[in-house]
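Structural characterization, general
Okay, here's what each chain looks like letter by letter:
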Amino acid sequence: MRVFVTGASGWIGSAVVPELLARGHAVVGLARSDASAETLGEAGAEVVRGTLDDLGLLRETAAASDGVVHLAFKHDVAFSGGFAEAAGADRAAVEAMVGALGTTGRPFVLASGLLGLAPGRIGTERDLPAASESPIHRRAETARWVVEQQGARASVLRLPPTVHGAGDNGFMAFYVAASRAAGRAGFVGEARWPAVHRSDAARLFVLALEEAPAGSVLHAVHEEGVPLRDVAEAVGKRLGIPVASLTPEEAAVSYAWLAPLIAADSPASGVLTRARFSWEPTGPGLLEDLVHYCE
Ligand SMILES: NC(=O)c1ccc[n+]([C@@H]2O[C@H](COP(=O)([O-])OP(=O)(O)OC[C@H]3O[C@@H](n4cnc5c(N)ncnc54)[C@H](OP(=O)(O)O)[C@@H]3O)[C@@H](O)[C@H]2O)c1
């Protein structure tokens, strides 16, 4: 297939591109900067220069492709107070690309998240979050829209809050840096996060593209619920700092925007995904991988 990949230069995209190429697909990657264009070229992808706001370009490139993997998201905007704006731009981009695939049954795979899916219980592929006014739920609404589409073979791949590995600059990297700065590794209550290694998530994106029927929801879950208390203990040990149970208010002082997320008990299962797609995660677990974040 000739696959259009948005976010191809990102943390997950840069693992998805070689997986696609290794499976014999051709990749067309969206790049918004010279640096990203160079990275994609070196990885063996064809480059299309543009941004998520170039809806005409997204339509045109999707229409000329055999399938789309959508990984780009305006994290820079979202995590500087503009989550609703980023989610709105994402929705417009998704509608443009799915619309361009039309009624041809060509695949569209949307990257989405698991955090907050089913608070306090194990979320499954069958859970669809209820509508709400919260900006975070605007992304979930986009995912709901995608699984309702009939024309394209559209699916949603939900990711754990930490898709971990060497070189990750995401939530875990922020958590470790903030713990180091605070001089203690904090946790809030009994919160648990699912987790997956980047290489396993990348393989599942390719399986979703190749095999997922229209309306599928896949969970890239290796570990269902790693207690964040265990993460704090492992980080504390590696950094040589004490571990502390924090109130949400105390967590907000040390962990800023990450505080509500590390307080969220959000375990999730990937049992249905593993059975349906013969996907078996083989990467290291989160606690083992923390070594890369604590160097
Ligand atoms: N990593 C995780 O643990 C995790 C967990 C849950 C969900 N997700 C979701 O999975 C997807 C991929 O995440 P990631 O960790 O790979 O993110 P990432 O490393 O931040 O990469 C984001 C990608 O989007 C591109 N991008 C950002 N703004 C853009 C714009 N305005 N126009 C065009 N491209 C733009 C970036 O391009 P540049 O390279 O030029 O910056 C980059 O390629 C996202 O939807 C994310 O929310 C990730």
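Residues numbered from 1 in each chain as written. Predicted model: local features only at pLDDT ≥ 70, side-chain atom pairs only at ≥ 80, totals over all residues. Heavy atoms only, no water.

The next point concerns the nonpolar core. Core analysis: the biggest nonpolar cluster contains 34 residues, and V5, L20, L71, L157, L159, F205 and A220 have the highest contact counts within it. The set of elements that each furnish at least two residues to this core consists of β1 (2–6), α1 (13–22), β2 (26–31), α2 (34–43), β5 (107–113), β6 (153–159) and α7 (198–211). Here the element with the most residues in this core is α7; it accounts for 8 residues. (Core = buried A, V, L, I, M, F, W, Y, C linked by side-chain atoms within 4.5 Å. Buried < 20%, exposed > 50% of the residue type's maximum accessible area, 1.4 Å probe, protein only. Helix = DSSP H or I, 4+ residues; strand = E, 2+ residues; numbered from the N terminus.)

On the basis of which strands lie adjacent, the open sheet formed by 7 strands has the order β3-β2-β1-β4-β5-β6-β10 and parallel pairing. Two strands close off the open sheet at either side, each with one partner strand: β3 (46–49) and β10 (217–219). Sheet twist, expressed as the mean angle between neighbouring strand axes with direction ignored, is 20 degrees. Sheet analysis places β1 next to strand β4 (residues 67–70), joined by 4 bridges and oriented parallel. Pairing of T6 across the sheet is with H70, part of β4. Where α7 meets the sheet, it contacts β1, β4, β5, β6 and β10, and its direction lies at approximately 165 degrees from that of β6. (Pairing = 2+ DSSP bridges. Axes fitted to C-alpha atoms, helices over the stretch in contact; angles between N-to-C directions. Contact = heavy atoms within 4.5 Å.)

It is worth spelling out the domain arrangement of the protein chain at this point. Domains assigned within the protein chain are domain 1 (2–162 + 195–222) and domain 2 (164–194 + 224–267 + 283–292). Computed from C-alpha atoms alone, the centre-to-centre distance between domain 1 and domain 2 is 26 Å. Taken together, the 21 residues of domain 1 in the interface contact 22 residues of domain 2. Both sides of the domain 1 and domain 2 interface together cover about 1,800 Å² of buried area, and 62% of this is carbon and sulfur. (Domains from an automatic or database assignment. Buried area = accessible area lost by both parts, 1.4 Å probe.)

The local shell around the ligand holds 23 residues, among which S9, R32, S36, H75 and R139 are the closest. Measuring from an oxygen atom of the ligand, one finds a backbone N or O atom of G7 at 3.5 Å. V163 is positioned such that a nitrogen or oxygen atom in its backbone is 3.0 Å from an oxygen atom of the ligand. Those elements that provide at least two residues to the shell around the ligand are β5 and β7 (162–164). Across the shell around the ligand, the residue classes tally to 12 nonpolar, 8 polar and 3 charged. (Near = heavy atom within 4 Å. Polar contact = N/O pair within 3.5 Å; in protein donor to acceptor, adjacent residues only side chain to side chain. Nonpolar A, V, L, I, M, F, W, Y, C, P; charged D, E, K, R; others polar.)

Time to look at the environment of V176. Mapped onto the elements, V176 comes out in helix α6 (residues 171–182). The exposure class of V176 is buried, given its relative accessible area of 1%. On a C-alpha basis, the gap between V176 and L52 in space is 31 Å, while along the polypeptide they are 124 residues apart. Among residues more than four places away in sequence, those in contact with V176 are V235, L239, Y293 and C294.

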